[in-house]
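Chain by chain, the residues run as shown.
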Amino acid sequence: MDKLLACANTYFRMMDFTYRIVLGRKGKLYELHISFEAISFHHLIGLHKLHDLRIARANREKIFHDILEGNISYDFISKSRYFPQIKNRFLPFADIEKIFDDNRLIFRYNTKINRFSLIEADYLMSTPYSGNDIYIFLARRQDDDNYYCRSFFPKEQTDYTKGQAVWTMLHKEKHCLTTGKTIIQYDRLTPKIKTKKEN
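Please read all numbers here as calculations on a predicted model, not as lab measurements.

The rules behind each value
Residues numbered from 1 in each chain as written. Predicted model: local features only at pLDDT ≥ 70, side-chain atom pairs only at ≥ 80, totals over all residues. Heavy atoms only, no water. Pairing = 2+ DSSP bridges. Helix = DSSP H or I, 4+ residues; strand = E, 2+ residues; numbered from the N terminus. Core = buried A, V, L, I, M, F, W, Y, C linked by side-chain atoms within 4.5 Å. Buried < 20%, exposed > 50% of the residue type's maximum accessible area, 1.4 Å probe, protein only. Salt bridge = Lys/Arg side-chain N within 4 Å of Asp/Glu carboxyl O. Contact = heavy atoms within 4.5 Å. 1 Å grid on protein atoms, 1.4 Å probe; cavity = no way out; pocket = protein on both sides within 12 Å on 5 of 7 lines; lining within 4 Å. Points joined across faces, edges and corners; volume = space filled by probe spheres on them. Nonpolar A, V, L, I, M, F, W, Y, C, P; charged D, E, K, R; others polar. Expected span 1.5 Å × (residues − 1). Arc of directions from axis to C-beta. Polar contact = N/O pair within 3.5 Å; in protein donor to acceptor, adjacent residues only side chain to side chain.

Two elements, strand β4 (residues 123-129) and strand β5 (residues 132-140), share seven bridges in a ladder whose sense is antiparallel. Opposite Tyr 123, over in β5, you have Leu 138 as the bridge partner. The loop that links β4 with its antiparallel partner β5 comprises two residues; one of these, Ser 130, has a positive phi angle of about 50°. Taken together, the seven bridges between β5 and strand β6 (residues 147-154) define a ladder with antiparallel strand orientation. Counted as the bridge partner of Leu 138 is Cys 149 from β6. What sits between the antiparallel neighbours β5 and β6 is a turn of six residues.

Okay, structure coming up:
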């Protein structure tokens, strides 16, 4: 399958899920509600960096649907002279659901620490993947309390977690919008019931 289409298909599946994450720090609990929208795919996969292609500035949601329909291919975008800047995103992005499911490490992201970066985000997820770390930056939507994925890329030379405050994950669940089913992926909030042997 076309690599760009494979990433779009994976992200389309992610749009049917939301994540609820409970974090703890200094005796206080914080909740993150993460959802996925079509408009975000364009930036996550890096199409905005392909300045010599019209799709870099085109309607982001329309571009996403054009990719799903097979009208824009990996071969087409690879002709951009800026393509090497985003080439390393495709393999891990095809596994973005697995990366999200596996994540246990979240940082409160302070943009002032990485002044060289233009990334504006509230939280940073760092997840091991194939011998490297994948960074997913989360930002809060202006119109509600939900968070969305703002940036996605593998770690290269810069360690974006350096100096950032790590928060303790206490609970994580994944909710399917279509079925209404919720899967608990991590739980340190619910007290464990001891068995007779343990007593």
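The rest of the description comes next.
Among the nonpolar cores identified, the biggest contains 46 residues, and Phe 41, Ile 77 and Phe 100 are the most heavily contacted of them. With nine residues, the next largest nonpolar core counts Phe 107, Tyr 109, Ile 119 and Tyr 160 among its residues.

Taken as a whole, this structure holds 11 salt bridges when the rule is applied. Across the salt bridge formed by Lys 79 and Asp 75, the nearest N and O atoms sit 2.9 Å from each other. The exposure class of Lys 79 is exposed, given its relative accessible area of 60%. One network of salt bridges, with partners in common, ties together Arg 13, Glu 97, Asp 101 and Lys 174.

In terms of strand pairing, strand β7 (residues 165-176) meets strand β8 (residues 182-187) through five bridges, oriented antiparallel. Within β8, the position partnered with His 171 by the bridge is Asp 187. Between β7 and β8, which follow one another and run antiparallel, lie five residues, and Gly 180 among them has a positive phi close to 80°.

This paragraph deals with the environment of Asp 133. Positionally, Asp 133 belongs in strand β5. Along the sequence, Asp 133 and Lys 155 sit 22 residues apart, while their C-alpha atoms lie 5.4 Å from each other. Not counting the four nearest positions on each side in its chain, Asp 133 is found in contact with Ser 126, Thr 127, Pro 128, Pro 154 and Lys 155.

Of the volumes computed, that of the largest pocket is approximately 490 Å³. Considering the residues around the largest pocket, the lining is formed by 18 residues, among which Lys 49, Arg 89, Ile 119, Phe 153 and Tyr 160 are closest to the centre. With four residues, the top contributor of residues to the lining of the largest pocket is β6. A per-class count over the lining of the largest pocket returns five nonpolar, eight polar and five charged. There is about 300 Å³ of room inside the second largest pocket.

For the rest of this paragraph, the subject is helix α1 (residues 3-14). With 12 residues, α1 should cover 16 Å at 1.5 Å per step; its first-to-last C-alpha distance of 17 Å lies within 8% of that length. Of all the residues in α1, the buried ones are Leu 4, Cys 7, Ala 8, Thr 10, Tyr 11 and Met 14. Down the axis of α1, the buried set is contained in an arc of 160°. They therefore lie on one face. Next to the buried residues of α1 lie β1 (17-25), α2 (38-45), α3 (60-68), α4 (74-77), α5 (90-93) and α6 (96-102). Of the residues flanking the start of α1, the one acting as N-cap is Asp 2, its side-chain oxygen 3.0 Å from the backbone nitrogen of Leu 4.

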